[in-house]
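Secondary and tertiary structure notes
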Amino acid sequence: MTDLPQQTLDDATAVLRSALDGDGDAVVGTFDDVVDRSGLAGAYGVAWCLAAAMVGDPGPPGSCALDFPGIDEAGYDTRWVARFVSAYANRDVDTGQALFGAAVADGLLPDCLLTLAGSTVATLRSRSRSRTR
């Protein structure tokens, strides 16, 4: 994750701060600012950074399996996040980009990014709680 531009890391930090505060409007606003400044490629970079925060260092390409019982019944944004994070974990940039593009085409990218931010915060909180036990 350290090979990302500093602006991407700063934007991801702003998204996480807003998500930690429970401020969904600020999460979406930060992503809107990123798109205004850097286009969809910038928002993709921030999303990839959030996936990195959830997963940590990914294993070898193709080594992770998506284990999400009932995923086909989950909402679009939840399915998207599970698959996007799985793409990151498998170092599958092509799939990550395809998922991102599909969410844009379906008009659901803001919902997906908001769910990604919330999932990242939930994962980080869970990890923090398990370390303090």
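Assignment of secondary structure puts Ala105 in helix α4 (residues 93–105). For Ala105, a relative accessible area of 66% gives the class exposed.

Our focus in this paragraph is the packing of aromatic side chains. In total, this model carries seven aromatic pairs according to the counting rule given. Seen in terms of ring centroids, Tyr44 and Phe100 are 5.3 Å apart; in terms of plane orientation they differ by 90°. Their pairing is edge-to-face. Of the two residues, Tyr44 is situated in helix α2 (residues 24–55) and Phe100 in helix α4; the sequence distance between them amounts to 56 residues. Residue Tyr44 is classed as buried on the basis of its relative accessible area, which comes to 13%. Owing to a relative accessible area of 5%, Phe100 belongs among the buried residues under this scheme. Between Trp80 and Phe100, the ring centres sit 6.5 Å apart and the planes meet at 50°, which makes this aromatic pair tilted. One end of the pair, Trp80, is in helix α3 (residues 76–89); the other, Phe100, is in helix α4, and 20 residues separate them in sequence.

Moving on: the packing of α2 against α4. Following both chains from N to C, one finds α2 and α4 inclined at 120°, their axes separated by 11 Å at the closest point. Between α2 and α4, the crossing angle belongs to the class labelled oblique. Considering only the axes of α2 and α4, their crossing is right-handed. For the pair formed by α2 and α4, the contact residues are Leu40, Ala43, Tyr44, Ala47 and Trp48 on the first element and Val93, Gly96, Gln97, Phe100 and Val104 on the second. Residue composition of the contact of α2 with α4, grouped by class: eight nonpolar, two polar and no charged.

Turning our eyes to something else, we now look at the nonpolar core. Counting residues in each nonpolar core, the largest one holds 32 residues, and the members touching the most others are Phe31, Leu50, Trp80, Phe84, Phe100 and Leu116. Listing elements by their share of this core, those giving two or more residues are α1 (6–20), α2, α3, α4 and α5 (109–131). For this core, the element with the highest residue contribution is α2, accounting for 13 residues. Apart from residues no more than four positions distant in its own chain, Phe100 is found in contact with Leu40, Ala43, Tyr44, Ala47, Trp80, Phe84, Leu109 and Leu113.

Procedures and definitions
- Residues numbered from 1 in each chain as written.
- Predicted model: local features only at pLDDT ≥ 70, side-chain atom pairs only at ≥ 80, totals over all residues.
- Heavy atoms only, no water.
- Helix = DSSP H or I, 4+ residues; strand = E, 2+ residues; numbered from the N terminus.
- Buried < 20%, exposed > 50% of the residue type's maximum accessible area, 1.4 Å probe, protein only.
- Phe/Tyr/Trp six-rings, centres within 6.5 Å; stacked < 30°, edge-to-face > 60°.
- Axes fitted to C-alpha atoms, helices over the stretch in contact; angles between N-to-C directions.
- Parallel < 35°, antiparallel > 145°, perpendicular 65-115°, else oblique.
- Left-handed = near helix turned anticlockwise from the far one by under 90°.
- Contact = heavy atoms within 4.5 Å.
- Nonpolar A, V, L, I, M, F, W, Y, C, P; charged D, E, K, R; others polar.
- Core = buried A, V, L, I, M, F, W, Y, C linked by side-chain atoms within 4.5 Å.

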